[in-house]
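So the chains spell out like this:
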Amino acid sequence: MRLVSAPTAASALSLALLSSAQTITGQYDCLPAGDFTLCQNLWGELSGVGNQSSTLISTTGDAVSWSTTWNWANNANNVKSYANVLSNTAKGVQLSNIASAPTSWSWTYETQSDGIRADVSYDIWFGKAPSGVAATSASSYEIMIWLSGQGGIQPVGSVTKSNITVAGFQWDLWSGPNANWEVFSFKTASGDITDFNVDLQEFFTYLTENEGVASTQYVQAIQTGTEPFTGNAVLMTSSYSVAINSL
Ligand SMILES: *[C@@H]1O[C@H](CO)[C@@H](O)[C@H](O)[C@H]1NC(C)=O
Ligand SMILES: *[C@@H]1O[C@H](CO)[C@@H](O)[C@H](O)[C@H]1NC(C)=O
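Please read these numbers as outputs of a predicted model, since none were measured by experiment. (Residues numbered from 1 in each chain as written. Chains lettered and ligands numbered in written order. Predicted model: local features only at pLDDT ≥ 70, side-chain atom pairs only at ≥ 80, totals over all residues. Heavy atoms only, no water.)

*Asks:* Any chance you could explain the state of the cysteines here in plain terms?
*Replies:* A covalent bond between the sulfur atoms of two cysteines is referred to as a disulfide. Enumeration according to the criterion identifies one disulfide in this entry. Residue pairing for C30: its cysteine sulfur links by disulfide to C39, the two sulfurs lying 2.0 Å apart. Between C30 and C39 the sulfur-sulfur dihedral comes to about 110°; the bridge is accordingly right-handed. According to the relative accessible area criterion, C30 is partly exposed, its value standing at 42%. (Disulfide = S-S within 2.5 Å. Buried < 20%, exposed > 50% of the residue type's maximum accessible area, 1.4 Å probe, protein only.)

*Asks:* Could you clarify how one ought to interpret the nonpolar core in this entry?
*Replies:* The nonpolar side chains of a soluble globular protein tend to be buried, and buried together. Counting 54 residues, the largest nonpolar core has F186, L200 and F203 as its most contacted members. Sort the elements by how many residues they give to this core and strand 16 (residues 218-242) lands first, with six residues. Setting aside residues up to four positions removed in sequence, F203 forms contacts with I145, V166, A167, W171, F186, F196 and V198. (Core = buried A, V, L, I, M, F, W, Y, C linked by side-chain atoms within 4.5 Å. Helix = DSSP H or I, 4+ residues; strand = E, 2+ residues; numbered from the N terminus. Contact = heavy atoms within 4.5 Å.)

*Asks:* I keep staring at the pairing of strand 16 and nothing clicks. Help me out?
*Replies:* Within a regular strand, the side chains alternate between the two sheet faces. Counting buried positions along strand 16 yields 22 of 25 residues, so the element is predominantly enclosed. Alignment of strand 5 (residues 63-73) against strand 16, held across eight bridges, turns out to be antiparallel. For T68, the partnering residue across the bridge sits in strand 16 and is L235. In this structure, strand 6 (residues 83-87) lies alongside strand 16, joined through four bridges in antiparallel fashion. Bridged to N84 within strand 16 is G225. Alignment of strand 7 (residues 93-94) against strand 16, held across two bridges, turns out to be antiparallel. Residue pairing across strands places Q94 opposite Y218, the latter belonging to strand 16. Here strand 9 (residues 102-112) runs beside strand 16; their pairing, made up of nine bridges, is antiparallel. Among the inter-strand pairings, S104 is bridged to a residue of strand 16, identified as S241. Where strand 10 (residues 117-127) and strand 16 come together, eleven bridges link them in antiparallel fashion. (Pairing = 2+ DSSP bridges.)

Laid out in structure tokens, this is it:
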């Protein structure tokens, strides 16, 4: 296991976490992680054979470092999990009341088998009420931002816009319905983006200006993680943070 060096401004809590990285293995195990909650969320594990574990490495101020190690076979078109960190602070703000939503995500595959099928993605949930659990009857929209999509996997729906520029990167926009909500997925059109430092507000504005999303919608949840289908890999997030600043 790789540990990052102790930051000078680390709180006592994060130092405590640094001294003993914690690993979760169960299907729905979660762990407090500073401003975040780290969850295994192996919701699709029954469609495959394999395993996954997730490790909290450190929390530093508003950032988190974590990794997930996965190994999945069978049903190449089925997602096995969405191991992720959920922000406990960046939520509950109406789109019309957002000044900025800065995020920074540095990640890498420490190891990966040939031909992995997996995405590395944000999963952001909008709804009519200030709060609501992701992927429930409270959800109106699911916004995915795929920084990586390897092995020919596809987001929900179909491509509705090709090679659009948002926040300085090129994307193919996929959209379609899922359960009781609508999905918009910005899939990188220029390969893996391993150092992502943007204002998520640019994606939100794109959706309100071009895709009919009402600015009365609230950001209910921002999750960040990976959806593996098949193969094996160690995905390392060296640093991730997100915030929403209100007007
Ligand atoms: C994880 O799953 C793979 C593939 O089935 C298997 O080879 C490996 O032994 C498993 N590892 C653990 C820790 O269970
Ligand atoms: C995508 O858009 C970028 C920026 O506008 C452009 O440089 C690039 O050539 C485009 N790629 C394709 C495949 O159209």
